[in-house]
Amino acid sequence: QVHLVESGGGLVQAGGSLRLSCVASGGRTFNNYAMGWFRQAPGKERDFVAAISWNGGTTVYADSLKGRFTIARDNAKKTVYLEVDSLKPEDTAVYYCAADSYGVIDDTSARNPSEYDYWGQGTQVTVSS
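Just so we're clear, the structure is a prediction, and the values are computed from it rather than from any experiment. (Residues numbered from 1 in each chain as written. Predicted model: local features only at pLDDT ≥ 70, side-chain atom pairs only at ≥ 80, totals over all residues. Heavy atoms only, no water.)

Chemist: Help me understand the pairing of strand β7 (residues 69-74) in this model?
Modeler: Burial along β7 is one-sided: F69, I71 and R73 are buried, and none of T70, A72 and D74, which face the opposite way, are. As paired strands, β7 and strand β8 (residues 79-84) are joined by six bridges and run antiparallel to one another. Across the sheet, I71 pairs through a bridge with L82, a residue of β8. Hairpin connection, β7 to β8: the antiparallel pair is bridged by four residues, and K78 has positive phi, about 55°. (Buried < 20%, exposed > 50% of the residue type's maximum accessible area, 1.4 Å probe, protein only. Helix = DSSP H or I, 4+ residues; strand = E, 2+ residues; numbered from the N terminus. Pairing = 2+ DSSP bridges.)

Structural data, given as structure tokens:
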């Protein structure tokens, strides 16, 4: 019964930045969920981007993206954010947020989409050159 809605995607030129948001509703235990971001380009598998533990104390990033992408959360607003900087055309994808009711993450399980219980509908990010 947790609903996740992403926003903030759009068309941006290479080198630009976006801030994606994911707002949760309908749940009673958002503050106990770990949250993750994944992305999927046409014809590609869904790839891990970043994750954050229930209290924001632990973050995990895809190795290739660390330094350009930043994940954060505001439990009072039931929102998780993904700031994406220095965007490249290969970053073009649908970006999804997901919630893991377990709440705790580590470098292995956080990267596996099967670990997550709820998913948003995605927001499109298109980077042009």
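Chemist: Explanation requested: the packing of aromatic side chains in the structure shown.
Modeler: Aromatic rings considered in pairs are described by the distance between their centres and by the relative angle of their planes. Taken as a whole and judged by the stated rule, the model has five aromatic pairs. Aromatic side chains F38 and Y116 sit 5.2 Å apart centroid to centroid with 80° between the ring planes, which places their arrangement in the edge-to-face category. Of the two residues, F38 is situated in strand β4 (residues 34-40) and Y116 in the loop between β9 (93-100) and β10 (118-119); the sequence distance between them amounts to 78 residues. Note on accessibility: F38 and Y116 belong to one class, buried. Plain terms: the ring middles of Y116 and W119 are 6.1 Å apart, the flat faces sit at 65° to each other, and that makes the pair edge-to-face. We classify Y116 as buried; its relative accessible area is 6%. Aromatic ring contacts, followed pair by pair, group F38, F48, Y116 and W119 into a single cluster. When the ring centre of Y96 is taken as reference, the NZ or CZ atom of R46 above it lies at 3.9 Å. (Phe/Tyr/Trp six-rings, centres within 6.5 Å; stacked < 30°, edge-to-face > 60°. Lys NZ or Arg CZ within 6 Å of the ring centre and 35° of its normal.)

Chemist: Can you walk me through the state of the cysteines in this structure?
Modeler: A covalent bond between the sulfur atoms of two cysteines is referred to as a disulfide. Tallying each qualifying case throughout the model produces one disulfide. Between the sulfur atoms of C22 and its disulfide mate C97 the distance is 1.9 Å. An S-S torsion of about 45° defines the bridge between C22 and C97 as right-handed. In this pair, C22 sits in strand β3 (residues 18-25) while C97 sits in strand β9, placing the two residues 75 residues apart along the sequence. You can call C97 buried: its relative accessible area is 0%. (Disulfide = S-S within 2.5 Å.)

Chemist: I keep staring at the environment of Q124 and nothing clicks. Help me out?
Modeler: One can find Q124 in strand β11 (residues 123-128). Separated by 83 residues in the primary sequence, Q124 and A41 have C-alpha atoms spaced 9.6 Å apart. In contact with Q124, not counting residues within four places along its chain, are G9, G10, T92, A93 and V94. Among the polar contacts made by the side chain of Q124, one reaches the main-chain carbonyl oxygen of A93 at a distance of 3.4 Å. A polar atom in the side chain of Q124 sits 3.4 Å from the side chain of T126. (Contact = heavy atoms within 4.5 Å. Polar contact = N/O pair within 3.5 Å; in protein donor to acceptor, adjacent residues only side chain to side chain.)

Chemist: It is not clear to me how the nonpolar core should be interpreted in this structure. Could you clarify?
Modeler: Soluble globular proteins tend to bury their nonpolar side chains together. By size, the foremost hydrophobic cluster in this structure holds 38 residues, and its most contacted members are L4, M35, W37, V49, I71, L82 and Y95. Listing elements by their share of this core, those giving two or more residues are β3, β4, β5 (47-52), β6 (59-61), β7, β8, β9 and β11. Sequence-distant contacts of I71, that is, excluding residues within four places in its chain, are made with M35, W37, A50, A51, I52, T59, Y61, V80, Y81 and L82. (Core = buried A, V, L, I, M, F, W, Y, C linked by side-chain atoms within 4.5 Å.)

Chemist: Would you mind showing me how to read the sheet that holds β7 here?
Modeler: Within a sheet, each strand pairs with its neighbour through backbone hydrogen bonds, oriented either parallel or antiparallel. Sheet architecture is open: four strands sit in the order β1-β3-β8-β7, paired in antiparallel fashion. In this open sheet, the two strands that pair with only one neighbour each are β1 (3-7) and β7. Each strand of the sheet is rotated relative to its neighbour by a mean of 15°, with strand direction disregarded. Here β3 pairs with β8 via six bridges, running antiparallel. When the bridges of β8 are listed, L20 appears paired with L82. (Axes fitted to C-alpha atoms, helices over the stretch in contact; angles between N-to-C directions.)

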